[in-house]
Structures are given as structure tokens and as C-alpha cells.
Amino acid sequence: MQTMPAHAAHHNDREIETLEEFDATVAARRTLAGFRVQAVDLTDRTRELLTTDTAGAVFLGCPMREDAAAKIRTDGAVVFPPVPGLPFDPYRGLVYSPDELFASLSDGYEATPDARAYAWFQQTKADGDIYASMLRAVHDDSLSDALDELLSGARVVGVMGGHAMGRGTQAYEGAARLGRELARAGFTVATGGGPGAMEAANLGAYAAPHDDEMLADALRLLAKAPTFTPSITEWAAAAFEVRSRWPKGGRSVGIPTWFYGHEPPNPFASHLAKYFANATREDGLLARSNAGVVFLPGAAGTVQEIFDNATPNYYESRGEPTPMVLVDRTHWTEKLPAWPLLKSLARERSMESRIALVDRIEEAPEALKRLSD
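Given the structure is predicted, the values throughout are model-derived calculations rather than measurements.

Analysis parameters
- Residue positions within a chain follow its written sequence, with the count starting from 1.
- Under the rules for a predicted model, residues below a pLDDT of 70 receive no local features and side-chain atom pairs below 80 are neither given nor counted, while totals for whole chains, interfaces and linings still include all residues.
- Neither water nor hydrogens contribute to the side-chain values; these are computed over all heavy atoms in the structure.
- Nonpolar core, defined: a set of buried Ala, Val, Leu, Ile, Met, Phe, Trp, Tyr and Cys residues in which side-chain atoms within 4.5 Å join the residues together.
- For every residue, the accessible area (1.4 Å probe, protein chains only) is compared with the maximum for its type, and the residue is labelled buried under 20%, exposed over 50%, or partly exposed between those bounds.
- Where helices and strands are cited, they refer to DSSP runs of H or I of at least four residues and of E of at least two residues respectively, numbered from the N terminus.
- The contact definition used throughout considers only heavy atoms, calling two residues in contact when any of these lie within 4.5 Å.
- Pairing of N or O atoms within 3.5 Å defines a polar contact, subject to two protein rules: one partner must be a possible hydrogen donor and the other a possible acceptor, and residues neighboring in sequence count only if both atoms are side-chain atoms.
- Helices are assigned an expected span. That span is 1.5 Å times one less than the residue count.
- Strands are treated as partners if at least two bridges between them are detected by DSSP.
- Any two rings among Phe, Tyr and Trp, with Trp reduced to its six-membered ring, count as a pair given centres within 6.5 Å; such a pair is stacked if its planes are under 30 degrees apart, edge-to-face if over 60, and tilted if neither.
- Any Lys NZ or Arg CZ that is within 6 Å of a ring centre and within 35 degrees of that ring's normal is treated as a charge sitting over the ring.

Participant: How should the nonpolar core be read in this particular structure?
Facilitator: Generally speaking, a soluble globular protein has its nonpolar side chains buried in company with each other. Counting residues in each nonpolar core, the largest one holds 48 residues, and the members touching the most others are Leu147, Ile306, Leu326 and Leu342. Tallying contributions element by element places helix 7 (residues 130-151) first for this core, with seven residues. Once you skip the residues sitting within four places of it in the chain, Leu342 turns out to touch Ile306, Phe307, Ala310, Met324, Leu326, Met351 and Ile355. Membership of the second largest hydrophobic core comes to 43 residues, among which are Met165, Leu203, Val242 and Val327.

Structure follows, in C-alpha cells:
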């Protein structure tokens, strides 16, 4: 059973991202010289800051007392103070959890940090404010760093598919079973983090440690709120009910975007790396799917992802081509004929042996295994 590598074991040992790491570093090293301290509240660590060498250190969005800030600046440290009034922390050291993005859901989705960040994005995008665009870029870069640390050493399979797939449908159940099987086979499931096929795959990974009955019951419970319209609040509340009834679910990753902010992230991904820039998010999701990608039926977004993935496989710009499995022959040869083009592109190149088209979702794990051998 796959467990994602523990965060702290893999990140750059010059980065401090929690208060526990700060205390341990000060105790063990007696110096903070050259360290990067990221989004750690140091208000109660004034004595340590005043008595520890911080030459060449960088403090990113760390609340601290003014006398401490003055002293470390004198040491030669660089201090980027917290930005007041933002619904997100641009310097955050870790990816999000569903509980964090959906905090205050009981007051309605509009009250959540997720909805408030989207509202801020809409407003500042319209203003064209250079300061706001810089904050978005810093946030997204911090998230990419956190995601790399989280996934270090993991075998990641991306599951791509449309947001329109409703709970309570056979297709949704199939995507959930796929996510569960991949997680049980030792893979970390990564999706676009939104509703529909993405949610189903994250749900499957969440269900991996539980018995078969749990998934059947969870699917029934979720079907009461089949889509995120008209009410995101009800849609999300149904997911949190599943999570509270069956805690300790399996881990997986969702990589959504506020660019499509009308679509909420799904609460079944244990880790959510939510970006402002969709291009950064798309490329990052596919680049991190180092063990292959399964493409479920989708529309324009999924077609884009197929060819975003095919290009580095074609040029081998990320090394050896990774497996690509397209699911639903009729969809990908008649409705949106991406498969014939993909097949033509792959001809006589090393990626030719790494692509497959299957009829049914149940065939995807076996195809993935075959293409990896």
C-alpha cells in the first residue's frame, strides 16, 4: 500500500517550514545563518532570534516582533514581512489540506478560504495590479516547491478526466475503482483536484485502506449531491460526511486552479496544491506523473492534457516516455478522435510502445503495467 513519503525527510535541509523544525534547528545547530524560514509564526521566538546568528538567512512571511526583525536585518538577513489582508499566504511552506481550503464551510462555501481566494483573484485580475500578480507568482512558486518535497520518491500516476462526470453514475464509480486499484498497487494518484472524474479518482485512493463495502456506501451517500451546481456547499458537505464516517483514508494529490474558480477542489485528495496560474498547474501535474497517465473521457481540457503529455514524450525532453492510457475507444476515436493523431505522432518513436487505448476503465491498470514493463 503506497504511503507518500514523509514531508520533512525530503525537503531541502536549509528550509524551515514549521515551528518544530525551527526549534530543532536552533537547538541542534545554534545558528540560523543561511537558512530559509518559510511562513512560520515567530512571534513567540523573540529570544531565540535575538541570540542566534541569522547572517544570510531569508525569512519569508514570518510574523515576528519588531525588535527581532530589526536585529536580524542588522545581521544581514533578508526579511519579507507577511502581507496583511490576503485570503492566502503567498509564502506558505506546505501544500493545502481540504480542511484548510474548506474551513468555515458550515457558514456556506462563500465563507471558505478557497472561495475568498478566488474572489480576490477575480478582483485583482480585473485591476491588472502588478503587486497582486507578483503575490500570485510567489504563491505558485512556493506551492511547486512544497509539492516537489511532498512527492519526492513517489511513483505518481495521473488520472485525467472531465469535471462533468456526476456522482451516482457508472462512470464515476468506475473512476473511483480505478483510483482505489492504483493506490492499492502502490501508486500515488494525482488528479486535477476538481469535481467529476478527478474527484472520483481521489475518492478511490481515499477508499483504498477500507473494505469494499465502504466504497459502495460512500458512493450512495455522495449521489445525494450529484454535482457542485446548484450548491457547492451541499456538494462539499456530502464529501466531508463521507470523510467523517470513514476517517483515515488513503493519501492522494489534487492539483486544482483558481483560474477555474467556479469549480471547487474536491475534499478527497489528502493534499491539494491549488494554483492561480493554470499553465503552471497543467504542466506541473503532468510533469509529476512519472509513472504514467490515464485519460478518462473528457472534453477540451482533457484533449489539451493528452497533447501536453504527448509533447515531452515525443521529444523525450523529460527522459524516457511515460505510459499513456486512453480509456473509451468510441470517445477517443469517434467523438473526439485524439487517438488516431496520438498514434500517428508516436509512429516509429520510442513513445510508440508506451501508448494504449482500452475500452473499459477496468482495463487501465493492466495496460499501465504492460506499458511500464
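Having seen the structure, we can now continue with the description.
Participant: It is not clear to me how the environment of Asp99 should be interpreted in this structure. Could you clarify?
Facilitator: With respect to the element layout, Asp99 can be found in helix 5 (residues 98-101). In this structure, the C-alpha to C-alpha distance between Asp99 and Ser270, residues 171 residues apart in sequence, is 9.3 Å. Contact partners of Asp99, with chain neighbours within four places excluded, come to Phe240 and Arg243. Within the structure, Asp99 has its side chain in polar contact with the side chain of Arg243 (distance 3.4 Å).

Participant: What exactly am I supposed to notice about helix 13 (residues 300-315) here?
Facilitator: Within an α-helix, residues lying three or four positions from one another point in the same direction, as the helix has 3.6 residues per turn. Here helix 13 is 16 residues long and its end C-alpha atoms lie 23 Å apart, about the 22 Å a rise of 1.5 Å per residue gives. Regarding helix 13, the residues found buried are Thr302, Glu305, Ile306, Phe307, Asn309, Ala310, Pro312 and Asn313. Looking at the buried positions of helix 13, the neighbouring elements they touch are strand 5 (156-160), helix 12 (278-288), strand 9 (293-295), strand 10 (324-327), helix 14 (329-335) and helix 15 (338-346). Looking one or two residues beyond helix 13, the residue adopting positive phi is Glu316, at roughly 55°.

Participant: Hey, could you run me through the sheet that holds strand 2 (residues 36-38) in this one?
Facilitator: Within a sheet, adjacent strands bond to each other through the backbone by hydrogen bonds, running parallel or antiparallel. Strands sit in the order 1-2-3-4 across an open sheet of four strands; the sheet is parallel. The sheet is open, and its two edges are formed by strand 1 (15-16) and strand 4 (78-80), each paired on a single side. Here strand 2 pairs with strand 3 (residues 58-60) via three bridges, running parallel. Among the inter-strand pairings, Val37 is bridged to a residue of strand 3, identified as Phe59.

Participant: Help me out: how do you make sense of the packing of aromatic side chains in this one?
Facilitator: Centre-to-centre distance and the angle between the planes together describe a pair of aromatic rings. In the structure shown here, the tally under the stated rule is 13 aromatic pairs. Here Phe259 and Tyr260 contribute two aromatic rings whose centre-to-centre distance is 5.1 Å and whose plane-to-plane angle is 70°, an arrangement assigned as edge-to-face. On the accessibility criterion, Tyr260 (32% relative accessible area) is partly exposed. An aromatic cluster is present here, built from Phe88, Tyr96, Trp120, Phe121, Trp258 and Phe276 joined pairwise through their rings. Lying across the ring of Tyr96, Arg92 places its NZ or CZ 3.8 Å from the centre. When the ring centre of Tyr314 is taken as origin, the NZ or CZ atom of Arg349, which lies over that ring, is 3.7 Å away.

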